[in-house]
Each structure stands twice: as structure tokens, then as C-alpha cells.
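Coordinates in review
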2 protein chains.
Amino acid sequence: MSEYTVVFQPHMIKIKVPEGTTLIRAAMEAGVHVNASCGGEGVCGKCRVLIEKGQVEGGPSGRLSEQDQAEGFRLACQSIVKDDLVVRIPVESTVDARVLNMKRPPRQTAQIRQFNMEELKEQGLFFPPIEKRYLELPVPTIEDNVADVTRLVNYLKAIHDEHRLVVDLSVIRKAPDVMRSDDFRVTATLARPVRQGRKTRIINIHAGDTSAKNYAIAMDIGTTTIYGQLIDLISGDVLGEYGDFNAQISYGEDVITRIVFAEKADGLKKLHEIVAGTMNRVIHEIIKQAGVDQDDISAVTLAGNTTMTQLFLRVNPRYIRRGPYVPASILYPPLRAAELGLDLPDHVDALIYPIISSYVGGDIVAGVMGSGMYRTEKMTLFIDIGTNAEIVIGNEDWMACAACSAGPAFEGGGVKFGMRAARGAIEDFLMDPVTLEPMILTIGNVRPKGICGSGLINMVALMFEMGVINNRGKFDRDCNTSRIRENDGVYEYVLAMAHETQIDRDITLTENDIENLILAKGAIFSGCQTLLEEVGLAISDIEQVILAGGFGSYVDLSKAMTIGLLPEMYPEKIVYVGNGSLMGCKMSSLSNHIRMDVADVIKRMTNFELSETPSYMNHYMAALFLPHTDMKLFPMLASRLEARENPCRRDSSR
Amino acid sequence: MSEYTVVFQPHMIKIKVPEGTTLIRAAMEAGVHVNASCGGEGVCGKCRVLIEKGQVEGGPSGRLSEQDQAEGFRLACQSIVKDDLVVRIPVESTVDARVLNMKRPPRQTAQIRQFNMEELKEQGLFFPPIEKRYLELPVPTIEDNVADVTRLVNYLKAIHDEHRLVVDLSVIRKAPDVMRSDDFRVTATLARPVRQGRKTRIINIHAGDTSAKNYAIAMDIGTTTIYGQLIDLISGDVLGEYGDFNAQISYGEDVITRIVFAEKADGLKKLHEIVAGTMNRVIHEIIKQAGVDQDDISAVTLAGNTTMTQLFLRVNPRYIRRGPYVPASILYPPLRAAELGLDLPDHVDALIYPIISSYVGGDIVAGVMGSGMYRTEKMTLFIDIGTNAEIVIGNEDWMACAACSAGPAFEGGGVKFGMRAARGAIEDFLMDPVTLEPMILTIGNVRPKGICGSGLINMVALMFEMGVINNRGKFDRDCNTSRIRENDGVYEYVLAMAHETQIDRDITLTENDIENLILAKGAIFSGCQTLLEEVGLAISDIEQVILAGGFGSYVDLSKAMTIGLLPEMYPEKIVYVGNGSLMGCKMSSLSNHIRMDVADVIKRMTNFELSETPSYMNHYMAALFLPHTDMKLFPMLASRLEARENPCRRDSSR
């Protein structure tokens, strides 16, 4: 895809963006404020800009006068970059150039770690646990009338050098007829052992040569969402991918309410059936997308948090929610997909990612495996932020992990207008440094419905850095703007007026929301500090950060550092792996080495119960500030804050 | 039990018998003829004997006059030995003392090899594949909140030195509640691996100490009958035992007709369900007999011939009956009893004995394992005679095996009045050497219904040795008795008159019956010869014979040698193991060494298709005589025959 350069005037701020970006996104990326409160839908008409050079696609709008249009004005949210551009932002407020040019780092998201088949092969990791072998067998005679399965095994040994084979009953059942249906030309499906010392199993047999059709499924059983991928085990390609809400949501948003439901009569059975139902919908959809024969699918790898794992496997999760928080099991034996209620053929193996503790589950282990954290020398901090937050610190030699009761603020929980990262969620935010007017962009560029986690972080970080919010998360009472107001005794900032929204109510950011965000980020940051301290390290020892979880891709890293969620470090050292759980399942589908390593890796992972670690509470209390009481941990931010001018206090401070 | 001495007059023949034996059995054992044709029911009144010394229990009868009774006459079949006795046989025919004193070997049955727990322990073989371990676990705390299953595994390691454990999903499901129901006192059920290098599985968990309750089931899936035993894995005792007819019989008496039925739509499913139904009846009965909780049963070991194995496992047996006679598989993986349709708890493992070929099945392998043949240095001939006959020759180093199409004569098939060894079957026979009157005893001492296999052998051997039958199986036409007659062109001997039977027809032994017996024994003997020849040995190299199968316990060994079914050898070298299949299953239940050895043993067993072995037909033709064309193979018999006097030709020969 082509890239174009956009220069924003009057301040000559230059940015390169890919073709197809809207002008308002380009401005947001560049840190150039343009008033906007409809999220990018084109209805507020505030984001009026002048195209001085180059052509944009779209942009004229009923919200602009004919004269404006003729002069070259466009709505930034409706204009698509298809050319190098010079764009002028009309200065409608009294602009103080010094403020406008206030140094703000450009938006920095983490580099996304993409799956790379070549890399997998180079590292010697490409070794699918399922392989197919084609054979042309001699036809039996009275002189050579060994059992059908013996013939198959003998020739797998002779032709394909396959040793130590055992044969599933289902294959024994099929073999006699399948072998005779294409004159003893057959393809055997081999499943490699997960455990050292075990034998390779023959799990399926087809007439003729089907060796090019070899598939597996990876699946993340999330509390909220279930994602599946259908993977081609020969190319490594994802042929189908689908996510759906976990239908268990009707029985409780979080794991605790589901555990409570599971304690009722038939509750566990019910929750199992419901999650299996969602999983089956996902499975059907990815099989449909991929257009493969389900008899050529031979394995499914699953990961979920401890409660989701136990609910899916019908293992009573009762003791997970009660002290001393004991899970039923760490490891699960290899199982059959069909016996777990999945609509897959009988021969399909199901591998369940092991868990670490009641609150560090298989999704985290999968993330550690799939991200390669367990194979790196670098001291790594792995953070998976979802409904809860889990932290792993360590490298190839050892790992320490813990769950943080961060609460659901990052998923919009406990936030007055919080919502998941869905269409209509405010995800990006700038503020006019003079007028304090907002520039908001929503997911889907529609009128706003609420605020998602990354939007919340962006807002709080920006306002804090501008001085609109102090380090305890309180709005500066002196700001000269009607957008900051007191409502029922709580201070709030109005992001969008009722008529600009989809919900016909003013959408605001309240001090309570900010407090919840601080509690959440404080829990995570202090969790990291405590874990590090327990293993005799400090924040500065961290060489890389791996972010996992739904929200990581949208988070502006510098803003996450500004609020003290992430330790301050060079953004290049931060990678985002997306859904770590799904990625781990995919990697296991393509690499039996990874599958076999899991049992050892979990032995190297030490779980810490933060609530039982005496220093945790001190670290936690110290982290309940923006960014932290100990500013020495955030030197870059400290120097920026020293240089800043507080727009609310500009007059008085001069 | 006490033994008493019985002396039969007038010829001073002495025998020791256990207390409780009837006088007529004692006479039969001693080779003393007493006329008898009602099988021992006491209705023909012919077996009138005089008690000269000592007391018997019972014996007076309406069939005796008051004077007879007063003089001390009793019916031998109704008199029970409870004392040392002198008994006089009334000489009612003109007796030639030379004939009466004709040397006849006493009846010799094979020594029965009984299961001996001490022996098993001495040989280091007692090592049940299922063991239970009791544990008193520490209660979890927040400092020690490892997963329940981890706690279990860790303490099994620490307290019981149990390593390399894996845990079944069903145990993970039960563990949390079971562990807490008796304050973390639990008993774990461990299943040892069948395959080298595998791990021990934890397959069940109970609250409290149930380690003394540890049971397994052994089961023989016969074409005709299904036998089960419930075994105490601590004492080795059989706590329940039951046999029932395989309900598949309604779909065909033999394996071929069942294979044909299995080829019909749903035929295989139907036959599986039917045999599983019979097996479940047997299982319920032995559990009831033993009075154990079925949750304390942890394994079932099964053996059957190849067709029965495939039908039970729902593996299409179609290719077993068609050349080149290919079975589906030799080995079957360890399975779950419940998934095979058995009414046993989910945790119960099912181990299926491997087979060798289409006609040498798991029942034979079980016999070879259970009898210890695979561990002896002695060159051994193992013969299992059932619906078919299978032979194994060899020792600990190698084995050769073959199936003989003997036909069902030994089970009463192809015999005019043939029947299975059931109540009313004539099983023992003597003939008055002068009058040629019969002395018959039936199973259950009731009026005769027919002739069973051992009875047939006894009759033919005796008549042949007396000269009443010649070496081609034909009656001497010169015999002066109305009991030998021609009926519809076929010569026959009348064993019992219609009014003496349960079936109101004369029960006879026909020349066709004798011919079928000769065909059957000829097939087995020539099978042995052919196998021996193929491995470079001769009959004389055989050091011991192991007989298995339903009929072996009743067979008079000397008579089996007389007709040429068994090679001539000292009876001490012949052991009878009864149902070898059931015994093998029992031994596997008590010894994981035996279970683990099976896979190696079957590799050492070479199968021969007799029909494809050129020398077989010559051997077969030579064996279609009594005992054989080559009398050098039967030197002892040859010398007896030279000394004999033919009662039919006594007059003419003088």
C-alpha cells in the first residue's frame, strides 16, 4: 500500500500515513488537534479543514457551506488521503503558538508481532503434531496375510521411517474397508505424542492420497469472547477465523458469578453446554470459511483462564473463588474433542493448555509459549490485560507470575460511560490546549456511545500531561471551560454533548472513572514491582515488554507510561501479540516442540499470590498516583512535566 | 476330605476314592464294569451290587426286592461311599476270568493346573496392574495452595514413592469434592502402564481408606459361552464366577454364520450389542455374587477368538472369512470398558488380548500367557479344543501356531446324539467284555439325553481297544450282540433304550459319528505333526502337553491317546488348564508383568496356515485311522492291542 505525506499547517507538522487514512486520523496520529465531537461520523461539522495542496477523496458535506466547499474546505473525518497533502487547520480560537507547539510525543503503538512461518522454520520449530503419510501397499495374499493394521504399520516404517506407532480403535475399525476401497492406496494421519517417550498414534486413515489436506483448530476460550482459527498445517496459513461472544455471559459477566452459578444443581453441566455451544458455532463458521472437509481436521488446541478451562471440562470450579484459591489441576491429559461436546469427528484430539494457579490460567501459559517468552534470554515482562490482568516476569530460565485484581476498567467496567472496544467507543482523544475543546475519534467513525479502555488511557494521560488533571486524578478546579463541571457532587469533563451522541446523553469522563483507572493501573504496576522484588530484580532490569489481550493494539504506549500503567522504556522494546491465548494455541498446532515444552515451562513458572506478599500493599498504595509517587521511575515524563504549561493556569502563572 | 478304599469282588480290584463318591463312579474309575443304562439316576435298577463290608449312605431303592435289600444289595448309583468297603459285583453273565482281568489302564485325567497365588508371588509375577494407595494429605492453606491434583501427585511421590503419574480427567473432576469430603484423606487408584515407558495413570479417587477394596474382572468371550470372574486383587481370590450362553447363538452357531450376519446392514452393531448384553449379565451376576461396590472395580481383561474380538469391538470381521483371511488388527489399544458398551463405571480400563491371525485368536494367546507356556524351557504342545481347535508348539524362545478345522465333534456337533457337556450327557462308558452290555454314566447322574465329546472319545477308544470297532472306525460285523445293529444302512451301537432315556428314543453311537470323530482328531494330530515338521521337530520332542478348552477335564488321557487325538506320552506330562482364555485374563489381572509381556510374546508366535502347508494333507490322510496308520507313533497301544482278545471273535480265535 502506498504512503503519502500530509503536512498540517500552520505549524508544519508532517506525518506519513498509508493510503486510505482519513485526514482526521492523520491529524490525531500527528498530535494535531482538530475540534471533533461526533467521533468521525461527519455530523458535527466541526473538523473543517482547508486542503491547500493535493487531492482528497470525499470530504464535501452538507455540513459545509457551498462557499467553503468551493474554497477547498473539507470535513477532515470524511476526507481520505490519496495524495501528498498540505492541510491547514483553521485557527478559530486565540492560539498561543507556544502552547500549540508544546512538545508532545507522537502516538506510539506497540509493534505487532506477526506470525511468521519462515521464522518458525528457521528456529526449527515447525513440526506439526499432526502429519499425514501416503502409502501404496501391496495387496494381501495367502502367503502375506498379516493383519491390515500390521501391513499399514510395517509400510509406514519401511517407506516413511515411522517407528513406535500405535493405532486407535477407530482406525482399526475403518482400516479393512478403507484399505480395500482404493486398492490399498491409503493416507494415514499420525498424531505425535505430547509427552516424551510416548508413541506416535495413527488416528485416521483415508483412501487415496489426502496428504495435502491437513488441518487443525486453535481456540481461545475467553470469559467474554471465544476466538477460533482454522489452520493449514502444511502452509501455516489461517484459512478461517471467527470470534463470538461466549454465551455464558447471560449467566454472569465475570468468572466469579459463573462459579456461583456452577454451584447450583446442573449449573456446571449447563455452563459447559453453553460454552460448548458457542465453541461449536465458532468451529462451524471457521470450517465454512475454510471450506475444508472436517474429517481432515485432526486436532484442536484450547486455552482459557482457569475458570473457563474448568467450566468447559466440567470440572467444578467451586474452590477457585474461595480461599485458599485451589484449582483442580494444573495439567489435563490429552482428550478427544468429541467427548468434550465439540462437533468434531471422533478422531480429533483436544489438547488443553495447562494452567498455573486459580488466577493465572492456560491463556497466559499459551501467551508465554506462543510469544516465545519461554525461549528468550531477555528479561521479559509479559502483561495480559483482559477482564483481569496477569503478569509474568522472567525468561528461558525461570518465570514468576501473578494475577492482579485490576478490575475491568480497561474493558470499560466501573467507568460511567465505559464500554468494550466496539463500534462507537471513543478510542482516541486530543484536546485543544487553549479552548480545552475535545477531538474525539470512535471505533467505526460513528457518533460516540461511550469510552473504551484505550480511549480512557489516552484521555487521562493527555489531560494529566496538560495539567488538566492532577497526580491524584482530580480536575483542576481553575480551568476556564464549561466542559469541566460538577455533576451530583462529582467533577467531570464533557466529551460529547447529548445531541452529538448515539445515546442522547452527555458523554463525560468523571473523577470516579479516573480513580478506577488509577486503581487498575496501580494494581498492575505494583504487581510488577512486587514480583520483581520477590525475585530480586527492579523495573530497570526489564529488557522487553510483551503486551497481550484485546486492548493492547490500540493503546498509545507513551500514554500508558504517562499514567504509570507501563514502566517507562523505549517503545521499540514493547511488542504486542494480540490474543496471546489464541496465538499460543496456533503455535502449538504448528509445533509439537512447543506442545512438548509446555510441561517443563509450567514447572519453571512460580506463582505468587500478591495478596499474600507483604510488600504488595506498600507498592500498591505508592502506585495510586499519576504516574506514581516515585517520579524517579518515570524520568522522561518528569522532564516533560517540568517543561509543560498548564493551560488552566496560563494566565495566573505568567 | 477323607478318602476310603473300595475293593470290588470277585476280582479284588482296589481303588481309593474321596468321601461322597457314588459306588458306580468308583467302579467306573476302577475300570470295573457294572451294567447301567440310566446314567446313574437309579431307575434302570441294573447296577445291583452287594455290600460285603462297610456301610454306604443311600442305596436301597424300589428297584430292589425287600429280600435283596435285607441281604445287603444296593444300587451302586445310589450308594455313597462313607467308609472302607468291600463290594461284590454279581456275576450274571458267563464270565471268562481272563477277559475280566484283561489289563486296562485305569482312567487317567490330566492333572489340573490350579491357580496358585504363592507360586505367582514366588515367581515375582504378582504385581496387579491396579493398585490403591491411601494418603492423609495436608489441608491447603494460602501458603500452600497448589492444585488439588498436584497435591495428590506430590504426596503419592513423597509417601508411596510413586513416580511418573498422569491423572485422568474423571479423577480431576472428582478430586476437589472427594478430597474435601473426608478432610483430605483419600485413596487413589493407580493403573500401571501396559506399554513400556508409559506412565502410571491415576484412574479413580475415593474419600477415606478404600485400599483393601481392589477388584478386577476377567472375561472369556467364547463363541458359545461367556465366562466371567471377579477377582480380588489383594488376595488373588475369585469372589464371583459365572458363565452364560453367548446370546449371539441365535444369529448362528459358529463364527462364519455370524460374520455373514455382521455383513448385513446394522448386523455388526446388532451382534456387538447382543454380546455386550450377555457380557453385562455375566458382569452383574459376578458383582452380585462378590457383593462388591462396582466403583472399586478398576479393570476388565477380555479375550476371545478373532471373530468374537472383532464383533465385540465393532470391527467388521468380513475379511476373516474370505481368503486370504486377513484380520483387522493384531493389537488393540487400551480402551475404556464403558465406551465398549459394558455396564461398568467410566474409570474402568478394558484390556483386549491381542490375536495372532484370523483363526488363532486372543483366547489362545491368553492360554499361552496364563498357562506359563511362554516362560518355560520345555518344548510344549498347547491344544485348545473348543468349537474349533488351535495348536501352539514351542517354549520361551519361539512358538508356532495353527488353527485346525477340526469341526465341532468334540462339542457334540456332527454326532447323531451329540450334545454339549451338560446335564444328561453320557460322559463315561464301560462295556461288559462278555455280554457287550454298556455301563454309562451321565453328567448329573440323570437319564441320558445324548453324548458329549469326552463320552464319545471314551466309547470309541474302549470299543476300539476291545476290538468292537476296527481301525477304520467300523463295528465288527461278527459281534454277537443285539446292541450292534444296522439302521437305515448305518451300523450303530445302542447305548440306551428309548425307555431308559430322557428323549424317548434309542440313544446310539453310529459309524458316522465315529467317522466324524476320526476326522476331527485326525485334523488336530496332523496339525501338530505338520507344525512340528515345519520347525524341524518330531512328536517325540514334545516334553509337555497343555490342554485347554471346555472338554479337557473329562477326557481320559489314555483314551485320547488310544484314538490318536493326543500323542502317546506319560500322563504326568499332560496338564489341563481348563478355560485357558479365562485363566489368561485372570493372570493378566494379577500380573502386570504378564500384561506387558504379551506384546513381545505375540512377536515370537509364527502363524501357519495349514491349508497352505503342502505336507499337511499327507499327514491328515495318514491320521484318519484309529489311532494312526503309523503305529510306531503309538508303541504302548500297539503292545496292548497285540495282547488283547476280541470278545466278538473269542470263539473263532480259539
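The name recorded for chain A in an unreviewed UniProt entry is 2Fe-2S ferredoxin-type domain-containing protein, from uncultured Desulfobacterium sp.

What follows concerns the pattern of salt bridges. Residues and elements named next belong to chain A. Applying the stated criterion to the full structure yields 67 salt bridges over all chains. The closest approach of N and O atoms between Arg-201 and Asp-168, which form a salt bridge, is 2.9 Å. With Arg-201 in strand β12 (residues 200-207) and Asp-168 in the loop between β10 (165-167) and α6 (169-181), this residue pair connects regions lying 33 residues apart in the sequence. Residue Arg-201 shares its accessibility class with Asp-168, and that shared class is buried. As a salt-bridge pair, Arg-477 and Glu-511 come within 2.4 Å of each other at their nearest N and O atoms. With Arg-477 in the loop between α11 (453-466) and β25 (484-487) and Glu-511 in helix α12 (residues 511-534), the pair connects residues that are 34 residues apart, well separated along the chain. One network of salt bridges, with partners in common, ties together Glu-131, Arg-133, Glu-162 and Arg-192.

Turning to the packing of helix α10 (residues 362-370) of chain B against helix α15 (residues 592-603) of chain B, a few remarks are in order. All names here are of chain B. For the pair α10 and α15, the least separation of the axes is 11 Å and the interaxial angle reads 115°. Every pair of crossing elements has a handedness; the one defined by α10 and α15 is right-handed. Of α15, the residues touching α10 (which contributes Val-365, Val-368 and Met-369) are Ile-594, Asp-597, Val-598, Val-601 and Ile-602. Residue composition of the contact of α10 with α15, grouped by class: seven nonpolar, no polar and one charged.

What follows deals with the interface of chain A and chain B. Each side of the interface is counted separately: chain A has 42 residues, and chain B has 42 residues. Summed over both partners, the interface of chain A with chain B buries about 3600 Å², with 61% contributed by carbon and sulfur atoms. Of all residues in chain A, the largest losses of buried area upon contact with chain B belong to A:Ile142, A:Arg173 and A:Tyr319, amounting jointly to 17% of the total for that side. Our enumeration of links across chain A and chain B arrives at zero salt bridges.

All names here are of chain A. Pairing is mixed across the open sheet formed by seven strands, whose spatial order is β8-β29-β28-β19-β20-β21-β30. The open sheet has two edge strands with one neighbour each: β8 (111-112) and β30 (605-607). Both β8 and strand β29 (residues 574-578) contribute to a ladder of two bridges, which runs parallel. Bridging from a neighbouring strand, Ile-112 pairs with Tyr-576 of β29. Running at roughly 140° to strand β19 (residues 380-385), helix α10 (residues 362-370) makes contact with β19, β20 (389-394), β21 (399-404) and β30 of the sheet.

Conventions and cut-offs
- Residues numbered from 1 in each chain as written.
- Chains lettered and ligands numbered in written order.
- Predicted model: local features only at pLDDT ≥ 70, side-chain atom pairs only at ≥ 80, totals over all residues.
- Heavy atoms only, no water.
- Salt bridge = Lys/Arg side-chain N within 4 Å of Asp/Glu carboxyl O.
- Helix = DSSP H or I, 4+ residues; strand = E, 2+ residues; numbered from the N terminus.
- Buried < 20%, exposed > 50% of the residue type's maximum accessible area, 1.4 Å probe, protein only.
- Axes fitted to C-alpha atoms, helices over the stretch in contact; angles between N-to-C directions.
- Left-handed = near helix turned anticlockwise from the far one by under 90°.
- Contact = heavy atoms within 4.5 Å.
- Nonpolar A, V, L, I, M, F, W, Y, C, P; charged D, E, K, R; others polar.
- Buried area = accessible area lost by both parts, 1.4 Å probe.
- Pairing = 2+ DSSP bridges.

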